[in-house]
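Each chain, letter by letter, is given below.
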Amino acid sequence: MSGTGGGFVRRIGLFQATAINMSQMCGIGPFVTIPLMVAAFGGPQAVVGFVAGAVLALADGLIWAELGASLPGAGGSYVYLRQAFQYRSGKLMPFLFVWTAMLFIPLIMSTGVVGLVQYLGYLWHGMTQTQGDLVGLGVIALVVGLLWRGVEHIARITAVMWCVMIASVVLVIAAAFSHFDPGQAFTYPAHAFDLGSGQFWTGFAAGLTIGIYDYLGYNTAAYMGAEIKDPGRTLPRAIVASILGIMGIYLLLQIGTLGVVDWHRMLDPNSVASQSVASAVLEETWGKTAANVVTVLILITAFASVFAGLLGGSRVPYDAARERVFFRPYGTLHPRHRFPVLGLATMGVVTAVGFLIGRHTDLATLIQLLTTVMVIVQALAQVLAVTVLRRRQPTLRRPYRMWLYPLPSVVALVGWLVIYGYADKNSPGRHPIEWSLAWGAAGCVAFVLWARVEKVWPFGPKEISEEYVEQGAGGGDPDAAGPAGTRGDAASV
């Protein structure tokens, strides 16, 4: 169904939405983080990190499912925070979300490009640092170029790349279990599960951070809520299906890899097992030729994840700008292909900068930094947003209501607080907590300056806009294009 008012068009169905999520989730992540997870836990008990990440992702995914089904607008969290917190703090929370999203979303993409170049090194022996940097920047430019077109083409491209992603992980899993050694996979070092040890919980927090990083992307389709067919049913199903599907894939991949590659080898940063662990699995099981073929598929998978992430992320500032909650130039769509021009261009540039930072520091630190930035404004705020909206907008149409409410919210809250609280310990000398607080403070300053120019709260009246409640009450089509096509009249208070 077409939106009105020159907004987005609803063309993305359940399969495509799930493919977009899974392509973003299972990109290069598990292929580069298995050694990081092993290092965090100090042995093959690292599988605990992927299980813990899955639990947190599912709990948080149910939050996204309720919010996305009820408020299916372009921008995802921006819409949810705008609706939930407008009553007390005006437009502060959605502005801060967009401010942080313009950093953490492209940083996530930059880790994918770092991993892509890392695996390319398996095929390109002797690749220099400069050559790797140039290749990564070229990949980012190619992704932005492909996204410079209509969403109907993007949906088909994403579906094809999703199939390549499935093929790559299936081949790695099949190779691993064709030569699987249970004794190697399930032999743990002494005191591996000593719950009374502070070292275990520090490792657990690091593993949880890496685990949730690997699952990030289950919310990608929610950023495109104004382009999803029947969002009340499609978004919850796509979110839950993608998390459960990737959880099974990750567990098989992790256990299978540990049953082929000695985990001690993964601790050597210069070894193939550390840099390209999936390639090492194929080389030891099916030979060098098979390893080369699967490495190519992994490179395509990494490319697909960056593609899907920038596709969804570039939509974030668009609706915010159109709703006068972010800088106005971000509210412009391409006149022909109908995509957010400035949002895509900005995130492309930040992705390039993040890629260079990751290449010249280390991947684990980059993951820790982007996660702490994300936790403050998005993750913790959305946990509160579900409860706030149930109280503030009880008549809001909710095609999906969170299972076992409020248990998933509590689980998600605890998980995000553990990640944030241990961030400095897991990145000694990098100060991710301090950097995240500094970025948030800078966002508050930017908001004050922006609010003064726009003459909104605290320099003007609050604007309470409950357009999603009004759409449901008016009996309108719930699958219309949301705020991009239909706006409720703002009531100043």
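Before any of the text, the structure's been laid out above.
About the criteria used
Residues numbered from 1 in each chain as written. Predicted model: local features only at pLDDT ≥ 70, side-chain atom pairs only at ≥ 80, totals over all residues. Heavy atoms only, no water. Patch = residues over 30% accessible without salt bridge, like charges linked within 9 Å, V, L, I, M, F, W, Y side chains within 5 Å. Areas by Shrake-Rupley, 256 points an atom, 1.4 Å probe, with all protein chains shown as cover. Salt bridge = Lys/Arg side-chain N within 4 Å of Asp/Glu carboxyl O. Helix = DSSP H or I, 4+ residues; strand = E, 2+ residues; numbered from the N terminus. Phe/Tyr/Trp six-rings, centres within 6.5 Å; stacked < 30°, edge-to-face > 60°. Buried < 20%, exposed > 50% of the residue type's maximum accessible area, 1.4 Å probe, protein only. Axes fitted to C-alpha atoms, helices over the stretch in contact; angles between N-to-C directions. Parallel < 35°, antiparallel > 145°, perpendicular 65-115°, else oblique. Contact = heavy atoms within 4.5 Å. Nonpolar A, V, L, I, M, F, W, Y, C, P; charged D, E, K, R; others polar. Left-handed = near helix turned anticlockwise from the far one by under 90°.

Student: Just to check I follow, could you spell out a nonpolar patch on the surface for this structure?
Tutor: Taken together, the side chains of V51, V55, W403, L404, L407, V410, V411 and V414 define a hydrophobic patch exposed on the protein surface, amounting to about 740 Å² of accessible area. Those elements giving two or more residues to the nonpolar patch turn out to be α3 (47-70) and α17 (407-421). Among the elements that make up the nonpolar patch, the one with the highest residue count is α17 (four residues). Note that V414 resides in helix α17.

Student: So what exactly am I meant to see when it comes to the packing of aromatic side chains here?
Tutor: Counting across every chain of the model gives 20 aromatic pairs. Taking 6.4 Å as the distance between ring centres and 20° as the angle between the ring planes, the aromatic pair formed by F200 and F204 counts as stacked. Remark: F204 and F200 occur in helix α9 (residues 198-215); sequence separation between them is four residues, near one turn of the helix.

Student: In this structure, what is going on with the environment of D268? I would like to understand it.
Tutor: Within the secondary structure, D268 is located in the loop between α10 (231-258) and α11 (272-275). Looking at D268, the relative accessible area reads 38%, which means it is partly exposed. Considering only alpha carbons, one finds D268 and L356, 88 residues apart in sequence, at a separation of 23 Å.

Student: What is the right way to look at the packing of α3 against α10 in this model?
Tutor: The angle between the axes and the distance between the axes are what describe a pair of packed helices. Where α3 contacts α10, the axes come no closer than 9 Å and their chain directions differ by 175°. Relative to α10, α3 is oriented roughly antiparallel. Facing V47, F50, V51, A54, A57, L58, G61, L62, W64, A65, G68 and A69 of α3, the residues of α10 in contact are P231, G232, L235, P236, I239, V240, I243, M247, Y250, L251, Q254 and I255. Class assignment of the residues belonging to the contact of α3 with α10 gives a composition of 20 nonpolar, four polar and no charged.

Student: What's the story with the packing of helix α5 (residues 92-123) against helix α16 (residues 363-392) in this structure? I'm lost.
Tutor: The interhelical angle for the contact between α5 and α16, taken along N-to-C directions, is 155°, at an axis separation of 9 Å. It follows from the interaxial angle that α5 and α16 lie roughly antiparallel. Relative to α16, the crossing made by α5 is left-handed. Together, M93, L96, F97, T100, L103, F104, L107, I108, S110, T111 and V114 of α5 and L363, L366, I367, L370, V373, M374, V377, Q378 and A381 of α16 make up the contact between the two elements.

Student: For this particular structure, what's the right way to read the pattern of salt bridges?
Tutor: Side-chain pairs of opposite charge can arise where the charged atoms are in close proximity. Counted by the stated rule, this structure contains 11 salt bridges. Between R265 and E284 there is a salt bridge, with the nearest N and O atoms lying 2.2 Å from each other. Of this pair, R265 sits in the loop between α10 and α11 while E284 sits in helix α12 (residues 277-285); the two residues are 19 residues apart in sequence, bridging distant segments of the chain. Through salt bridges that share partners, K91, R324, R328, E454 and E463 make up one connected network.

Student: What should I look at first to understand unusual backbone geometry in this one?
Tutor: Most of the time, phi is negative for any residue but glycine, and the peptide bond is trans. Cis geometry is adopted by the peptide bond preceding P406, which originates at Y405 and carries an omega value of 5°. Residue position: P406 is located in the loop between α16 and α17. In this model, W457 is joined to P458 through a cis peptide bond whose omega is 10°. The residue P458 is located in the loop between α19 (432-454) and β1 (463-464) in this model.

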